[in-house]
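Each chain, letter by letter, is given below.
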Amino acid sequence: MSGSMEFLLWTKGPMFNIAIAIFAIGLLVRIAEIFMLGRAKNFAEARAGEWGPGLRTMVTRTVADPGTFQRAPFNVVVGWVWHIGFLMALLLFLPHIALIESLTGLSWPALPNPVISLVTSVTLVALIATLVHRMTHPVKKRISTVEDYVVWAVVFAVVLTGWLAYYRLVNPYPLVLGMHILSAEIMLILLPFTKLTHIFTTFIARWYNGAAFGRKGVQS
């Protein structure tokens with residue numbers, strides 16, 4: 001027990017500080033890099049504004065159009081399921097809200113624990129289905145990289161260890177809780193340097209595309 005408790009304290013203390021520092025610095029560098037790339041000067045006369053179309057595209061591209069759904073219904077449905085489930089477990093579970101409040105001072109109501117448990121279980125199933133689909137779909141299997149599988153493994157580990165900790169299925173309990181915290185810290189460390197960055201850059205890219213088309217008077 002003493003060893004597992006020391007491990008838990010390490011994940012909550014020194015390792016947490018290291019992960020937050022790498023995450024914050026890495027993310028700032030990545031976002032600064034994006035904006036420093038700049039935009040090529042457009043000498044054509046603007047036919048419309050940029051902010052309105054950019055914001056509209058941020059919303060419309062979030063929901064799959066009928067054509068995309070018809071071509072890849074699995075990607076759309078399962079993708080939405082596990083993304084929403086992950087965000088619900090992350091942002092609406094009481095202990096997570098308490099952690100966010102300790103860091104930022106912000107707080108909001110939590111969902112009941114049974115709801116979070118159900119959402120987490122569904123998310124785990126959706127993540128497994130995503131992996132199987134990636135490994136069996138001819139095109140996805142061919143274009144998948146090591147990074148894709150590493151990112152999946154880290155996200156799955158975060159959800160799985162959280163689920164195991166909630167049901168106390170691993171003894172001693174401090175060990176599985178520490179594993180959950182450590183997996184989340186690994187995810188934070190990897191986020192700025194992998195495809196996980198899309199959590200923050202997706203909406204920047206969507207606004208940019210919408211703004212570019214809007215300036216030309218074309219709907220994105």
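Only a predicted model underlies this, so the values are computations on that prediction, with no experimental measurement involved. (Residues numbered from 1 in each chain as written. Predicted model: local features only at pLDDT ≥ 70, side-chain atom pairs only at ≥ 80, totals over all residues. Heavy atoms only, no water.)

A few words on the packing of helix 2 (residues 14–36) against helix 10 (residues 173–190). For the pair helix 2 and helix 10, the least separation of the axes is 8 Å and the interaxial angle reads 20°. Relative to helix 10, the element helix 2 lies roughly parallel. Note on packing geometry: the crossing formed by helix 2 with helix 10 is left-handed. Of helix 10, the residues touching helix 2 (which contributes Met15, Phe16, Ala19, Ile20, Ile22 and Phe23) are Leu182, Glu185, Leu188 and Ile189. Residue classes in the contact of helix 2 with helix 10 are distributed as 9 nonpolar, no polar and 1 charged. (Axes fitted to C-alpha atoms, helices over the stretch in contact; angles between N-to-C directions. Helix = DSSP H or I, 4+ residues; strand = E, 2+ residues; numbered from the N terminus. Parallel < 35°, antiparallel > 145°, perpendicular 65-115°, else oblique. Left-handed = near helix turned anticlockwise from the far one by under 90°. Contact = heavy atoms within 4.5 Å. Nonpolar A, V, L, I, M, F, W, Y, C, P; charged D, E, K, R; others polar.)

The subject of this paragraph is the packing of aromatic side chains. In this structure the tally under the stated criterion is 6 aromatic pairs. Here Trp152 and Phe156 contribute two aromatic rings whose centre-to-centre distance is 4.8 Å and whose plane-to-plane angle is 10°, an arrangement assigned as stacked. Taken together, the residues Trp152 and Phe156, both in helix 9 (residues 146–167) and 4 residues apart, mark about one turn of the helix. With respect to burial, Trp152 and Phe156 carry one shared label: buried. An aromatic cluster of three or more residues is present, and its members are Phe93, Trp163, Tyr166 and Tyr167. For Arg168, the ring lying beneath its charged end belongs to Tyr173, and the centroid distance is 3.9 Å. (Phe/Tyr/Trp six-rings, centres within 6.5 Å; stacked < 30°, edge-to-face > 60°. Buried < 20%, exposed > 50% of the residue type's maximum accessible area, 1.4 Å probe, protein only. Lys NZ or Arg CZ within 6 Å of the ring centre and 35° of its normal.)

With that settled, consider the environment of Leu55. Here Leu55 shows up in helix 3 (residues 51–60). Overall, Leu55 belongs to the partly exposed group, its relative accessible area being 44%. Spatially, the C-alpha atom of Leu55 lies 9.0 Å from that of Phe203, the residues being 148 residues apart in sequence.

Further remarks concern the UniProt feature "transmembrane region" (unreviewed entry) in the protein chain. Feature annotation in UniProt places "transmembrane region" (unreviewed entry) on residues 15–37, 77–98, 110–129 and 149–167, given in this structure's numbering. Along residues 77–98 the backbone is 95% helical and 0% strand, and the end-to-end C-alpha distance reaches 31 Å. (UniProt positions renumbered as here; feature names shortened; annotations may be inferred.)

For the rest of this paragraph, the subject is helix 9. Compared with the 32 Å implied by 1.5 Å per residue over 22 residues, the 31 Å span of helix 9 between its first and last C-alpha is a close match. Taken together, the buried positions of helix 9 are Asp148, Val151, Trp152, Val154, Val155, Phe156, Val158, Val159, Thr161, Gly162, Leu164 and Ala165. Packed against the buried residues of helix 9 are helix 5 (73–92), helix 7 (113–136), helix 8 (138–143) and helix 10. At the C-terminal side of helix 9, Arg168 shows a positive phi close to 50°. (Expected span 1.5 Å × (residues − 1).)

Moving on: the pattern of salt bridges. Overall, the coordinates contain 3 salt bridges when judged by the stated rule. Between Arg134 and Asp148 there is a salt bridge, with its nearest N and O atoms 3.8 Å apart. With Arg134 in helix 7 and Asp148 in helix 9, the pair connects residues that are 14 residues apart, well separated along the chain. Between Lys195 and Asp148 there is a salt bridge, with the nearest N and O atoms lying 2.8 Å from each other. Highlighted residues: Lys195 in the loop between helix 10 and helix 11 (198–215) and Asp148 in helix 9, separated in sequence by 47 residues. On the basis of relative accessibility, which here comes to 45%, the residue Lys195 falls in the partly exposed class. (Salt bridge = Lys/Arg side-chain N within 4 Å of Asp/Glu carboxyl O.)

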